[in-house]
Protein chains: 2
Amino acid sequence: MQFHHHGYVSTDPRMQPAAGVGLDRPADLPDEVDVLIVGTGPAGMITAAQLAQFPDVNVRIIERRPERLAIGQADGIQARSVETFQAFGFAERITAEAYHLTEMAFWAPDPEDPSRIIKTASPPDDPTGVSEFPHLIVNQARVLDYFAEAAYNAPGRLTPDYGYEFKALEVTQEGDFPVRVTLAHTSGSQKDVERVIHAKYVVGADGARSGVRAAIGCTLAGQSANHAWGVMDVLANTDFPDIRTKSAIQSSTGGNILLIPREGGYLFRMYVDLGEVPEDDAGNVRKTSIDQIIAKANAIIAPYTLDVKNVAWSSVYEVGHRLTDRFDDVPADERGTRSPRVFIAGDACHTHSAKAGQGMNVSMQDGWNIGWKLGHVLDGRAPEALLDTYSLERQVVAQNLIDFDKEWSTLMAKPAAELGSPQEVADFYTRTAEFPAGFMTEYEPSMIVGTADHQELATGFPLGKRFKSARVVKVCDTNPAHLGHFHAADGRYRIYVFADRAAPAEASAVRELAEWLAGPESPIAVHTPAGRDSSSLFDVRVIYQQGHHDVNLNDVPDAFKPTVGPFELVNLENVYAKHPDIDIFEERGISRDGAIVVVRPDHYVSQVLPLTARDELAAFFRGALKPAS
Amino acid sequence: MQFHHHGYVSTDPRMQPAAGVGLDRPADLPDEVDVLIVGTGPAGMITAAQLAQFPDVNVRIIERRPERLAIGQADGIQARSVETFQAFGFAERITAEAYHLTEMAFWAPDPEDPSRIIKTASPPDDPTGVSEFPHLIVNQARVLDYFAEAAYNAPGRLTPDYGYEFKALEVTQEGDFPVRVTLAHTSGSQKDVERVIHAKYVVGADGARSGVRAAIGCTLAGQSANHAWGVMDVLANTDFPDIRTKSAIQSSTGGNILLIPREGGYLFRMYVDLGEVPEDDAGNVRKTSIDQIIAKANAIIAPYTLDVKNVAWSSVYEVGHRLTDRFDDVPADERGTRSPRVFIAGDACHTHSAKAGQGMNVSMQDGWNIGWKLGHVLDGRAPEALLDTYSLERQVVAQNLIDFDKEWSTLMAKPAAELGSPQEVADFYTRTAEFPAGFMTEYEPSMIVGTADHQELATGFPLGKRFKSARVVKVCDTNPAHLGHFHAADGRYRIYVFADRAAPAEASAVRELAEWLAGPESPIAVHTPAGRDSSSLFDVRVIYQQGHHDVNLNDVPDAFKPTVGPFELVNLENVYAKHPDIDIFEERGISRDGAIVVVRPDHYVSQVLPLTARDELAAFFRGALKPAS
Ligand SMILES: Cc1cc2nc3c(=O)[nH]c(=O)nc-3n(C[C@H](O)[C@H](O)[C@H](O)COP(=O)(O)OP(=O)(O)OC[C@H]3O[C@@H](n4cnc5c(N)ncnc54)[C@H](O)[C@@H]3O)c2cc1C
Ligand SMILES: Cc1cc2nc3c(=O)[nH]c(=O)nc-3n(C[C@H](O)[C@H](O)[C@H](O)COP(=O)(O)OP(=O)(O)OC[C@H]3O[C@@H](n4cnc5c(N)ncnc54)[C@H](O)[C@@H]3O)c2cc1C
């Protein structure tokens, strides 16, 4: 966290100085906005929090509900999401209040007496150490609270406009605010009164029954039948010994439960499988009562019993594997002829079972993806074409997720007798851990992801995958640190310069690169608007191969020590050295001749280049950004 | 963090349910209070935060200033303080915004050219791994903010009463509220108007010029002369390469600087030594201007230079080594004849140089010590005699600190030529690291600290020293965890039961103990008021020698699985097993026959006993607590 450089900050430094629209944000929804986000679920709130970092962009987020979400809905937070929370500044706080998942237990009928369940396996949740972040369980409401705080603490001071329902939209292609949106008040004296808002762009993060999706002519297609679960968040006493360990429980009668312990030490959630919903069900499954769900749970966990004392929340959650073919308003045959104006994100574009616990997580990555791209286009630093990459990138991710989820939920629903071995489910869980942890996303080459021409210079940072952090030492203060954890969600590209062998004071490729970076041909000079700090669009960091006692800051080129703020203070925190125990060059397969690794604002690796590849570096940014006007 | 067990908590779980006086706390200072705390510095605020955990005790804290502290004063946070913050629920948040100290640099004149300074050593700050908590630097104002939040989030909902100055007090020994305190408004329309408040107890945490101290006839005695430092919190550019590493800098002219990098990446503090203040100085040293301080700093760091851009705060901090002989209103010859009614804490009782960075830290430990003791006496669980232990325990600590601080500041002020070797200062720093980290406090036997009769059963938990945490696995959720980190500042005694060898289901000394603990003779039965949860005064935890897969919760005696709250839910989180990598029994020298370790509410070890020592355990608590009425 960097602060004080614009003057002393006496109160919570998480509150960034207000700027742009954040300086005098009107309390009421204005008639014209740059971006209108519909829905304050995880997809909408992360989009809002990201856009609030672009205070020159006028953003509003509306929500049908009269106030914040209080309870229920999703609760699984994969490691990639915690990594994302870290970038938004609240990982340590939500981690402190969440349940931590370290093992998963698998229970199945005892072969000797199938009327009783026994534990068959308890593999670690992250067997290969796929992330330094934990796997958490915490109510969706708290995730939304933290994003709300992040959006408000950001320079844009964004807060949701509750009590507005999206009704309809029309892309007029006219004027500066071509999307005409009709809303209605949902409460108060104005209830049901309609209002028209004009927006440059609309993000529909309005969930599985998305009205925005319908308005742009997309449909959720997929498997015809829904699957239903009785979901309950309860306080109960039980002799089931794994009640506070995530468990998949299969009984001999075909019933099965997914048990999710929850934050706070007492509450837990059970998903009791209610099976496929017949086409002609006509809402019958939704009438399953909480008593029926509890009775079913008791039958499945025999010989153990569950004594439910309090039901905090319950629901029949009915969902199918469904997906739209595009995530914006441009049909395939018009792609490239006009820019998208309306985007959909999260459950509005894809739905899947609760079993893999992916809904909230994938929705947040959708929202982050569109959030920074809209910020870049609207504050003038990137061309409109950037917006086409949103649908292209995220639709594929959703397709992969649905494929994975189908496999996983089919396996978990299999009667024990049909499984190859009682270990089969546990093995699949362990083998595929990277996927549900959120790290298998790999974007195709585009204007913001390069081709793998130089991948061998940094094999541990695969192009298109998220930058996997590793340990270094921050030279200036001798602190051991995770390099990736400095990548805040501030909309900036990162340029990591991994130095070649020479000592910092000696002639080297890295010194030559630094000289060029400080000169007029560099992307920094080309793209940074006049009068702004050199680090306002780019965050350039250097990592030396030497230990920190062998790096004297006075020997480090100025390109890695940018000056910032009104006092033109030198930022010394971008210079790193080898960690005493772990060599990042070895751990991430980085060439001893050095390498440049460019990372997008949302953590994905854009470029891997030799230190000498100045033209390629400049060319990449000429594609991804516009020259400063 | 445990929550939801009194019903679902939708918002921040750090906000505990209000109770007692917290339910309808009057906005205005009432005429009668149980405890009146004077001063909202670190000593006063931690006392308030601790007492807010006793919602049946009516506490108020007054402050002369009209509002929160904004800037300046102390900034060094030793590991013991971070451990304390953990107990108050904000360690992870303050850690995220603070500067982390991992190495300290020592600079001295170059022997070849004494006009230039060179680096002579850079030892790690915590060479022996004395704590799992970091050493931080962060402004005192933020520490106070977090304590204010903790006091408000606690059941007592305590907030400071700003704008009241303490004027005088009188211990009348009459009625239920025998301390008559005169206050005056310091601002607003009531400015200078006096008010009389009656209190059961008063805590004077009103700093080095304490009026409460004077009122009870104590004086700060010690070294006659003060030492002065020019202190500045500044934003500056410099070529001094260790500007973001804590550094002790000595120049050949005898000048010296203590450099403290500060939170946020840019700000730093410099203490520029202004030397002993002559008796007849008459405030002259305080007239040293900021420009003179900067000039002096530039001279000391030659050949490097400092270009100060912005002065956030500066002061001439003048202080001597001083101490009072008692920390309450009972003179030595009256000790035992009457209970203390007025206590002093923090700078009101002891002052020392800024060099060892101890002031804020030791003051907080004072406040915590008196806080829980007042809570215990006022909510009726402990006898009044407990209050005598405050002065007895803390006066010795302050004396030790002053001795250490004298040695340290003398050494640091020595001209380089007089030192045995350039390494001498660095060696002292490394050798004595445990002291400034805050872990050398060792309380003498008393009604709350036992004698070391059975110390050999747990050599790693020395009686009277603070319980040094170690790693275990929480059985119910398989989470690796630090045992000591569950010790929240909730006023409860901890009884850690380290099991003997037998498996949980087998007959064993630990099972026998558990049976007794659940019975009518146990301290739990004797001291817990009727109708309250069995864990409301005592927090009993069991640690098995086995790995967590070998502990089935159904085999664990009920004494370690207390029921809590309106739903009588079973708390499963008090059962631990061996960590896969580190065996707490080995790490802390615990007998394989098991041991009981009793820990006070402020983390200090009270008792080490064999599992069979039921009578001793009962006797200890009969001394420390009163039987429930
Ligand atoms: C009732 C419910 C129960 C769920 N239970 C589970 C579960 O048990 N396990 C699980 O993994 N996932 C569950 N989910 C799914 C999970 O919550 C989603 O995958 C995740 O929240 C997706 O985030 P999102 O932002 O895309 O959509 P959502 O979180 O659904 O957010 C959409 C938001 O848009 C608002 N909105 C909708 N229409 C309009 C409109 N016309 N105008 C204005 N605002 C509108 C909604 O009120 C809502 O706040 C549940 C979802 C719901 C709605
Ligand atoms: C101006 C100043 C600068 C300091 N600079 C440094 C430094 O550079 N380095 C360092 O290590 N330590 C410094 N200290 C010391 C350090 O802040 C203390 O060691 C630490 O704060 C002790 O905590 P405390 O709670 O005992 O007292 P304090 O923090 O001094 O708090 C006492 C509080 O009581 C209030 N108060 C005083 N009298 C009354 C009254 N009559 N009625 C009501 N309220 C009253 C004060 O306003 C204050 O808020 C400084 C202290 C001061 C006052």
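Since this is a predicted model, take the numbers as computed values, not measurements.

Caption draft 1: Representation of the overall build of chain A. Assigned secondary structure in chain A consists of 13 helices and 29 strands. Over its C-alpha trace chain A gives a radius of gyration of 26 Å, about what one expects of a compact globule, namely 25 Å for 629 residues. Overall size of chain A, expressed as C-alpha extent along the three principal axes, is 75 × 60 × 50 Å. Here chain A holds 629 residues, and the buried ones make up 61% of them.

Caption draft 2: Highlighting the environment of A:Val396. Tracing the chain through its elements places A:Val396 in helix H8 (residues 388-413). Sequence-wise, A:Val396 and A:Glu444 are 48 residues apart; in three dimensions their C-alpha atoms are separated by 9.6 Å.

Caption draft 3: Representation of the site of ligand 1 in the model. Residue and element names in this part refer to chain A. Near ligand 1 you find 29 residues, and of these Glu63, Arg65, Phe166, Tyr271 and Asp347 are the closest. Side-chain polar atom of Gln140 to an oxygen atom of ligand 1: 2.8 Å apart, as the coordinates give it. In this structure, an oxygen atom belonging to ligand 1 sits 3.2 Å away from a side-chain N or O atom of Arg269. In the complex, the protein chains occlude 86% of the 950 Å² of accessible area that ligand 1 would expose alone. Only helix H1 (42-51), strand E9 (164-171), strand E16 (268-277) and helix H7 (359-378) provide two or more residues apiece to the shell around ligand 1.

Caption draft 4: Fine view of the sheet that holds strand E14 (residues 246-250) of chain B. Residues and elements named next belong to chain B. Spatial strand order, E6-E5-E14-E15-E16-E13-E17: seven strands in an open sheet with mixed pairing. The open sheet has two edge strands, strand E6 (113-121) and strand E17 (306-319), and neither has a second partner. Each strand of the sheet is rotated relative to its neighbour by a mean of 20°, with strand direction disregarded. Pairing geometry for strand E15 (residues 256-261) and strand E16 (residues 268-277), over five bridges, is antiparallel. In the sheet register, Ile260 faces E16, and the bridge partner there is Arg269. Packing of helix H6 (residues 290-300) onto the sheet brings it into contact with E6, strand E13 (226-238), E14, E15, E16 and E17, and relative to E16 it is tilted by some 95°. Lying over the sheet, helix H9 (residues 424-431) contacts strand E5 (104-110), E6 and E14, oriented at roughly 165° with respect to E5.

Caption draft 5: Representation of the packing of aromatic side chains in the model. Under the criterion given, the structure shown has 46 aromatic pairs over all chains. What links up through ring pairs into an aromatic cluster is the set A:Phe85, A:Phe88, A:Phe90, A:Tyr146, A:Phe147 and A:Trp368. It is A:Arg157 that lies over the ring of A:Tyr152; its NZ or CZ is 5.8 Å from the centre. In this structure, B:Arg341 is placed above the aromatic ring of B:Tyr201, and the distance from its NZ or CZ to the ring centre is 4.7 Å.

Caption draft 6: Representation of the site of ligand 2. All names here are of chain B. Neighbouring ligand 2 are 30 residues, the closest being Glu63, Arg65, Gln140, Tyr271 and Asp347. At a separation of 2.8 Å, an oxygen atom of ligand 2 approaches a polar side-chain atom of Gln140. Tyr317 is positioned such that a nitrogen or oxygen atom in its side chain is 3.3 Å from a nitrogen atom of ligand 2. When the free accessible area of ligand 2 is taken as 950 Å², the share hidden by the protein chains comes to 86%.

Caption draft 7: Geometry of the sheet that holds strand E4 (residues 99-100) of chain A. Residue and element names in this part refer to chain A. Read across the sheet, three strands follow the order E3-E7-E4 without closing on themselves; strand pairing throughout is antiparallel. The outermost strands of the open sheet, each flanked by one partner alone, are strand E3 (76-77) and E4. Of the strand pairs in this sheet, E3 and strand E7 (residues 136-137) are connected by two bridges, and their pairing is antiparallel. Across the sheet, the residue bridging to Gly76 is Ile137, located in E7.

Caption draft 8: The arrangement of the packing of helix H11 (residues 509-517) of chain B against helix H14 (residues 614-624) of chain B in detail. Residues and elements named next belong to chain B. Following both chains from N to C, one finds H11 and H14 inclined at 40°, their axes separated by 11 Å at the closest point. Judged by the inter-axis angle, H11 sits oblique to H14. Here H11 runs over H14; the crossing is right-handed. Contacts between H11 and H14 pair Glu512, Leu513, Trp516 and Leu517 from the former with Arg614, Leu617 and Ala618 from the latter. Class assignment for the residues of the contact of H11 with H14 results in five nonpolar, no polar and two charged.

Caption draft 9: The arrangement of the UniProt feature "domain: Phenol hydroxylase-like C-terminal dimerisation" (unreviewed entry) in chain A in detail. Under the local residue numbering, the UniProt record ascribes the feature "domain: Phenol hydroxylase-like C-terminal dimerisation" (unreviewed entry) to residues 441-627 of chain A. The span residues 441-627 of chain A carries 16% helix and 22% strand; its end-to-end C-alpha distance comes to 30 Å.

Caption draft 10: Summary view of the pattern of salt bridges. According to the stated counting rule, one finds 92 salt bridges over all chains in the structure shown. Between B:Arg286 and B:Glu318 there is a salt bridge, and its shortest N-O distance comes to 2.7 Å. With B:Arg286 in the loop between E16 and H6 and B:Glu318 in strand E17, this residue pair connects regions lying 32 residues apart in the sequence. Overlapping salt bridges bring together A:Asp12, A:Arg14, A:Glu92, B:Arg68, B:Glu97, B:Arg142 and B:Asp145 as one network.

Caption draft 11: Structural context of the interface of chain A and chain B. In this complex, chain A contributes 65 residues to the contact, which on the side of chain B involves 65 residues. Taking both partners together, chain A and chain B bury about 5200 Å²; carbon and sulfur atoms supply 54% of that area. The three residues of chain A that bury the most area against chain B are A:Tyr8, A:Tyr266 and A:Phe567, which together make up 14% of that side's buried surface. Where chain A touches chain B, the interface holds four salt bridges. Between B:Asp12 and A:Arg142 there is a salt bridge whose closest N-O contact spans 3.7 Å. At the boundary of chain A and chain B, one finds 40 residue pairs in polar contact (both at pLDDT 80 or more). Here the element with the most residues in the side of chain A that touches chain B is helix H3 (residues 91-97) of chain A; it accounts for four residues. Classifying every residue of the side of chain A that touches chain B gives 26 nonpolar, 22 polar and 17 charged.

Basis of the calculations
- Residues numbered from 1 in each chain as written.
- Chains lettered and ligands numbered in written order.
- Predicted model: local features only at pLDDT ≥ 70, side-chain atom pairs only at ≥ 80, totals over all residues.
- Heavy atoms only, no water.
- Helix = DSSP H or I, 4+ residues; strand = E, 2+ residues; numbered from the N terminus.
- Rg over C-alpha atoms; globule rule 2.2 N^0.38 Å.
- Buried < 20%, exposed > 50% of the residue type's maximum accessible area, 1.4 Å probe, protein only.
- Near = heavy atom within 4 Å.
- Polar contact = N/O pair within 3.5 Å; in protein donor to acceptor, adjacent residues only side chain to side chain.
- Areas by Shrake-Rupley, 256 points an atom, 1.4 Å probe, with all protein chains shown as cover.
- Pairing = 2+ DSSP bridges.
- Axes fitted to C-alpha atoms, helices over the stretch in contact; angles between N-to-C directions.
- Contact = heavy atoms within 4.5 Å.
- Phe/Tyr/Trp six-rings, centres within 6.5 Å; stacked < 30°, edge-to-face > 60°.
- Lys NZ or Arg CZ within 6 Å of the ring centre and 35° of its normal.
- Parallel < 35°, antiparallel > 145°, perpendicular 65-115°, else oblique.
- Left-handed = near helix turned anticlockwise from the far one by under 90°.
- Nonpolar A, V, L, I, M, F, W, Y, C, P; charged D, E, K, R; others polar.
- UniProt positions renumbered as here; feature names shortened; annotations may be inferred.
- Salt bridge = Lys/Arg side-chain N within 4 Å of Asp/Glu carboxyl O.
- Buried area = accessible area lost by both parts, 1.4 Å probe.

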